[in-house]
Amino acid sequence: MSKQQPPQFINPETPGYVGFANLPNQVHRKSVKKGFEFTLMVVGESGLGKSTLINSLFLTDLYPERVIPGAAGMEAPKFVVIVALHASECMTKYMLLTELTSFVEKIERTVQIEASTVEIEERGVKLRLTVVDTPGYGDAINSRDCFKTIISYIDEQFERYLHDESGLNRRHIVDNRVHCCFYFISPFGHGLKPLDVAFMKAIHNKVNIVPVIAKADTLTLKERERLKRRILDEIEEHNIKIYHLPDAESDEDEDFKEQTRLLKASIPFSVVGSNQLIEAKGKKVRGRLYPWGVVEVENPEHNDFLKLRTMLITHMQDLQEVTQDLHYENFRSERLKRGGRKVENEDMNKDQILLEKEAELRRMQEMIARMQAQMQLQMQSGDSDGVHGHHV
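The structure presented is a predicted model; accordingly, all values stated were derived computationally and were not measured.

1. Remarks on the overall build of the chain
Then comes step 1: On a plain count of helices and strands, the chain comes out with 10 helices and nine strands.
Then comes step 2: Within the chain, buried positions represent 35% of all 392 residues.
Then comes step 3: The contacts of the chain with a sequence gap of at least 6 include a subset with a gap of at least 24, amounting to 70%.
Then comes step 4: A total accessible area of about 25500 Å² is found for the chain, and carbon and sulfur atoms account for 54% of it.

Pasting the structure below:
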């Protein structure tokens with residue numbers, strides 16, 4: 001009876017070949033198993049099609065339960081007129097001012113942060129996508145400070161990541177840092193508005209900004225190119241730092257080099273979004289139907305939607321690296337300079353709001369006191385006239 005030979009280890013590689021060339025394959029398998037995380041912020045005025053574009057980009061519905069309020073949902077100011085024998089004008093002004101102040105405060109509180117997370121899987125690769133929307137941005141009567149909430153959110157994600165990174169358990173850190181910001185620019189203006197300039201200058205050292213011209217189907221091709229040049233000139237004039245695509249490596253193939261060149265030349269991207277399937281030239285396409293024809297979302301001759309999506313997908317890793325190596329490191333170094341002390345932005349904001357409310361209360365009290373004094377003077381004057389009339 002023959003003895004069974006024990007299994008022998010066989011070198012899978014050819015002689016003279018060590019095998020560390022397979023290390024990228026190991027990293028690839030590990031990355032696919034772990035999945036990827038990406039956070040995209042969209043900022044822009046209401047009505048520019050931000051939600052539609054995001055749903056078009058990722059072929060999903062990120063806002064299934066969103067209800068868009070109409071004009072009827074906003075309470076109009078109440079103009080109350082009180083007619084009195086004396087001081088009627090003062091009372092009328094007081095009531096108008098009170099109601100208008102309340103109305104303005106309601107509008108100024110509309111800037112919000114809404115983060116929606118969805119798990120997307122394509123050919124075995126999982127992506128945890130978080131889209132941060134900012135409804136109400138730029139819609140207030142006074143939009144001067146409307147982006148403070150957005151800046152606070154970006155800093156809070158940096159702070160949370162720094163806290164998790166400094167903790168004991170660092171194996172399962174969820175990265176919610178904002179890796180990219182699509183900033184939507186209205187196609188109806190003649191370039192950047194003062195709010196656009198102020199916001200981008202406030203966040204360009206915190207996040208990668210990608211300018212996007214919304215609703216490009218409202219512009220002709222010549223108008224589109226003219227608006228693009230105007231926006232780029234204003235960005236350069238105001239020293240705004242937007243995200244610049246890295247140059248293609250010398251060993252890359254010519255197709256990739258040409259693609260990178262075209263993507264760079266397309267900034268800012270002029271896009272059209274739509275989730276409706278329309279039949280055009282015998283096939284179903286996503287687009288918008290007009291009396292004069294169909295605007296195809298994924299047709300590069302009609303808009304830059306395909307280029308924007310290609311830029312985001314092919315440079316997603318670079319966007320994350322720039323966030324980690326530049327923006328996060330700047331935040332981290334500033335925190336270390338302060339000796340690890342955390343600036344309580346929320347508490348500071350509360351204190352600021354409290355001070356503003358106290359100042360407003362003092363102004364209202366002073367105004368009421370002045371009106372009471374005027375009413376008393378008018379009443380005394382009326383009594384005096386009555387007495388003189390009796391004697392006459």
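Right, picking up where we left off after that structure.
2. Re the sheet that holds strand S7 (residues 277-280)
Each strand in a sheet pairs with its neighbour through backbone hydrogen bonds, running either in the same direction (parallel) or in the opposite one (antiparallel).
Then comes step 1: The three strands are arranged S7-S8-S9 in an open sheet whose pairing can be described as antiparallel. The open sheet terminates on both sides in strands that have one partner only, identified here as S7 and strand S9 (293-296). For this sheet, the mean inter-axis angle between neighbouring strands, taken without regard to orientation, is 75°.
Then comes step 2: With four bridges connecting them, strand S8 (residues 283-290) and S9 associate as antiparallel partners.

3. Side note on helix H8 (residues 305-314)
Then comes step 1: Burial in H8 covers these residues: Phe305, Leu308, Met311 and Leu312. Each buried residue of H8 lies within a common arc of 130° when the element is viewed along its axis, so the set occupies one face.

4. Looking at the pattern of salt bridges
Then comes step 1: Enumeration over the complete set of coordinates arrives at 14 salt bridges.
Then comes step 2: When salt bridges that share partners are traced, they join Lys228, Asp304 and Lys307 into one network.

5. Observations concerning empty space enclosed by the protein
Then comes step 1: Using the criterion set out here, one finds one cavity of 30 Å³ or more in the structure.
Then comes step 2: Taken as a whole, the largest cavity holds about 30 Å³ of empty space.
Then comes step 3: Along the walls of the largest cavity sit Ile209, Val210, Pro211, Ile242, Tyr243, Leu245, Ile267, Phe269 and Met311, which together make up its complete lining.
Then comes step 4: Take the lining of the largest cavity: its biggest share by element is three residues, from strand S5 (residues 209-213).
Then comes step 5: Residue composition of the lining of the largest cavity, grouped by class: nine nonpolar, no polar and no charged.

Definitions and limits used
Each chain carries its own residue numbering, running from 1 in the written order of its sequence. It should be noted that, the model being predicted, local features are given only for residues of pLDDT at least 70 and side-chain atom pairs only at 80 or more, the latter also being counted only at that level, while totals for whole chains, interfaces and linings use all residues. Side-chain metrics in this entry use all non-hydrogen atoms of the structure; hydrogen atoms and water are not considered. Under the scheme used here, helices are H or I runs from DSSP no shorter than 4 residues and strands are E runs no shorter than 2 residues, and both carry numbers assigned from the N terminus. Accessible area is worked out with a 1.4 Å probe on protein chains only. A residue is then buried under 20% of its type maximum, exposed over 50%, and partly exposed in between. It only takes one pair of heavy atoms within 4.5 Å for two residues to be counted as in contact. The accessible surface values rely on the Shrake-Rupley method and a 1.4 Å probe; as for residues, cover is taken only from the protein chains in view. Here, a strand pair is defined by DSSP locating no fewer than two bridges between the strands. Comment: axis = line fitted to C-alpha atoms, over the contacting stretch for helices; angle = value between 0 and 180 degrees taken between N-to-C directions. Each direction from the helix axis to a C-beta atom contributes to the arc, which is the arc of those directions. Counted as salt bridges are all cases of a side-chain nitrogen of Lys or Arg within 4 Å of a carboxyl oxygen of Asp or Glu. A cavity, in this analysis, means grid points on a 1 Å lattice covering only the protein atoms where a 1.4 Å probe fits yet has no way out; a pocket is instead an open set bounded by protein on both sides within 12 Å along at least five of seven lines, and a residue lines either one if it has an atom within 4 Å of a point. Grid points are joined across faces, edges and corners, and a volume is the space filled by probe spheres set on the points. Charged means Asp, Glu, Lys or Arg here, nonpolar means Ala, Val, Leu, Ile, Met, Phe, Trp, Tyr, Cys or Pro, and polar covers whatever is left, Gly included.

Read these as geometric descriptors, not functional statements.
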